[in-house]
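Each chain, written out:
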Amino acid sequence: MSFASLTNNRLFHITFLAYTALMVFLGRHGSMGISNYDEAFYAQKAKELLLTGSMWTVNYHGQATFENPPLPLWTMALAFKFFGVTEYAVALPSALLGAASVILTYRFAEILFNDRWTAFLSGIILVLPGFFVDYARRGMVDTHLVFFVASALYCFACAGRDPRWYLLFGLF
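Before going into details, it helps to say that this report is about the structure given with it. (Residues numbered from 1 in each chain as written. Predicted model: local features only at pLDDT ≥ 70, side-chain atom pairs only at ≥ 80, totals over all residues. Heavy atoms only, no water.)

### Looking at the packing of aromatic side chains
The condition is simple: Only Phe, Tyr and Trp rings are paired, with Trp represented by its six-membered ring, and only when their centres lie within 6.5 Å; those with planes under 30 degrees apart are stacked, over 60 edge-to-face, the remainder tilted.
Under the criterion given, the structure shown has 15 aromatic pairs. Members of the aromatic cluster, joined through ring pairs, are Phe12, Phe16, Trp117 and Phe120.

### Quick word on the pattern of salt bridges
Which entries qualify depends on this criterion: Any carboxyl oxygen of Asp or Glu within 4 Å of a side-chain nitrogen of Lys or Arg constitutes a salt bridge here. Secondary structure elements follow DSSP: runs of H or I no shorter than four residues count as helices, runs of E no shorter than two count as strands, and numbering proceeds from the N terminus. Whether a residue is buried, partly exposed or exposed follows from its accessible area with a 1.4 Å probe, protein chains only, as a fraction of its type maximum: under 20%, in between, or over 50%, in that order.
Under the defined criterion, the tally for this structure stands at six salt bridges. Of the charged contacts in the structure, one is a salt bridge between glutamate 110 and arginine 107, with a shortest N-O distance of 2.4 Å. Taken together, the positions of glutamate 110 and arginine 107, both in helix 5 (residues 87-113) and three residues apart, correspond to about one turn of that helix. Classification of arginine 107 as partly exposed rests on a relative accessible area of 23%. The residue arginine 138 makes a salt bridge to aspartate 134 at a minimum N-O spacing of 3.3 Å. When salt bridges with common partners are traced through the structure, they connect Arg10, Arg107, Glu110 and Arg116 into a single cluster.

### Topic: helix 2 (residues 10-25)
Note the following rule: What a helix is expected to span follows from its residue count: subtract one and scale by 1.5 Å. Identification of polar contacts relies on pairs of N or O atoms within 3.5 Å, with a donor-acceptor requirement for protein atoms, meaning one able to donate a hydrogen and the other able to accept it, and with residues adjacent in sequence counted only if both atoms are side-chain atoms.
Look at helix 2: 22 Å from first C-alpha to last across 16 residues, which is about the 22 Å you get at 1.5 Å a residue. A side-chain oxygen of the first residue of helix 2 lies 2.9 Å from the backbone nitrogen of leucine 11; this N-cap is asparagine 9.

### Describing the nonpolar core
Quick note on the threshold: Here, nonpolar core means buried Ala, Val, Leu, Ile, Met, Phe, Trp, Tyr and Cys residues that are tied together by side-chain atoms lying within 4.5 Å of each other. We call two residues in contact whenever any of their non-hydrogen atoms come within 4.5 Å of each other.
Counting 16 residues, the largest nonpolar core has Leu17, Ala21, Phe25, Val102, Tyr106 and Phe120 as the members making the most contacts within it. Those elements giving two or more residues to this core turn out to be helix 2, helix 5, helix 6 (116-127) and helix 7 (131-136). With six residues, helix 5 is the single largest residue contributor to this core. Not counting chain neighbours up to four residues away, the residues in contact with phenylalanine 25 comprise Ala95, Gly98, Ala99, Val102, Leu126, Phe132, Val133, Ala136 and Arg137.

Here it is, written out as structure tokens:
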């Protein structure tokens, strides 16, 4: 396989984007600790979800709170269950959904522009330093929102060719 055919290959693009995104988004863990107030705030809520075993009532220092959607906290509590209460487990769900958002951006741009290089550059833009990288490296709710909005937009774009995609669009 020649270099030119490799660099125009969809599988190569997706693999490169996923690997690069995971390396960038998971790269800082274990060295800096939780340095952001919001990240510590969500981590405490997820820790209390895990300790109380009540997945429906989110607590913060023993008091019920209702200002955040529970799904990001559930994913963080699940990471705590498997990896322990560590800074790595705090940011793991955001990093994984951030990498999935990069791949979704690639596929969405490929559908919109019908050009793999435009799609590849669209994915690379998310991996370059900026706001998206900052939020994907922290245990916050923003990356979850980006993933679900990107998923809904992708499903809506696919529904033009196959109406069954509207079901997934509604789910996201």
